[in-house]
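So the chains spell out like this:
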Amino acid sequence: MKPTHRIIVSTENNAYSGWQCKLFYFSAVTRLKHQPTFIVHDSGMDWQRDFHDLVRAGATVIAAPSYAQGPRDSYKPRNTAGTLIHAAEICAADELIVLCDPDMIFLGEPRFPEVLSGNFYSYVDYDDPEVLAAAQNLGLPRSRIEKQKEELRCGVPYVIPSEIAQPLGKAWLEAVDAFSKRSWIDIMHAFGFAAVKLGLTVKRTNIVDVNLRQDARVTKKIIHYCYGDELWEKRSFMRSEEH
């Protein structure tokens, strides 16, 4: 990790996200000696107490408007693209934004690229009919997607040069609105569409372990606990009184 890498976490103003941000912060500070920045999207309510706790601990926590409402529906993952737009405003031109979700834990220092990149996720599929339909809605020919579809099978952590962050964020928002039927991974496919539309090449990394098999030995420097089972499930911790 270079000094020019700046970790930015896109998060929602709710208790579910708040405790995840606390774990993220602790792991980043203790394992990386790095102070991440949290961009908290407005929910119409006062900040959850977890975000005030983070500020007291020394974290940089920035309020941002909600981008969840699109032209035809409300889709909270739109806030990830909104985070990128706001990150561009606070980062220096030579910085590299490491865009993360809060449900990630650092075990050590990963080797982040110094170019536009995203971590490989096997379930990102640009041959899916719904994804191809969205590409058509966006005016992207299948031939352009086909050339890059393998490198585009990616997600957080994204590494994004600050100088392209704002146009990429705006293209990302436009792309996510091209999907007719909603899926939680539309935002991931939309990132690829935005990159293709802007003529950008994406380096695919493999620096994250997910908890699909929770008894598996960890081999990477980052855990993304996006799955769950009867042993442990992050979605079981939804309300503040359950903490």
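These figures come from a predicted structure and were not determined experimentally. (Residues numbered from 1 in each chain as written. Predicted model: local features only at pLDDT ≥ 70, side-chain atom pairs only at ≥ 80, totals over all residues. Heavy atoms only, no water.)

Chemist: Before we move on, can you summarise the packing of helix H4 (residues 129–138) against helix H7 (residues 186–197) with the specific residues and values?
Modeler: When two helices pack together, their arrangement is given by the angle between the helix axes and the distance between those axes. Between H4 and H7, the shortest axis-to-axis distance is 11 Å and the interhelical angle comes to 40 degrees. Here H4 is positioned oblique relative to H7, judged by the angle of their axes. H4 and H7 meet at a crossing whose hand is right-handed. Residue-level contacts link Val131, Ala134, Ala135 and Leu138 of H4 to His189, Phe193 and Lys197 of H7. A class-by-class count of the residues in the contact of H4 with H7 yields five nonpolar, one polar and one charged. (Axes fitted to C-alpha atoms, helices over the stretch in contact; angles between N-to-C directions. Helix = DSSP H or I, 4+ residues; strand = E, 2+ residues; numbered from the N terminus. Parallel < 35°, antiparallel > 145°, perpendicular 65-115°, else oblique. Left-handed = near helix turned anticlockwise from the far one by under 90°. Contact = heavy atoms within 4.5 Å. Nonpolar A, V, L, I, M, F, W, Y, C, P; charged D, E, K, R; others polar.)

Chemist: So what's going on with the state of the cysteines? Residues and values would help.
Modeler: Tallied over the full model, the rule gives zero disulfides. Cys100 takes part in no disulfide bond, and the closest cysteine sulfur, belonging to Cys21, lies 11 Å away. Judged by relative accessible area, Cys100 falls into the buried class, the value being 1%. Considering cysteine sulfurs only, Cys100 is the nearest to Cys226, which forms no disulfide, with 13 Å between them. On the basis of relative accessibility, which here comes to 10%, the residue Cys226 falls in the buried class. (Disulfide = S-S within 2.5 Å. Buried < 20%, exposed > 50% of the residue type's maximum accessible area, 1.4 Å probe, protein only.)

Chemist: Explain the environment of Ile160 residue by residue, including any values.
Modeler: One can find Ile160 in strand S7 (residues 154–161). Separated by 44 residues in sequence, Ile160 and Leu116 have C-alpha atoms that sit 4.8 Å apart. Beyond its immediate stretch of four places on either side in the chain, Ile160 contacts Leu84, Glu95, Leu96, Ile97, Leu99, Leu116, Ala165, Leu168 and Phe191.

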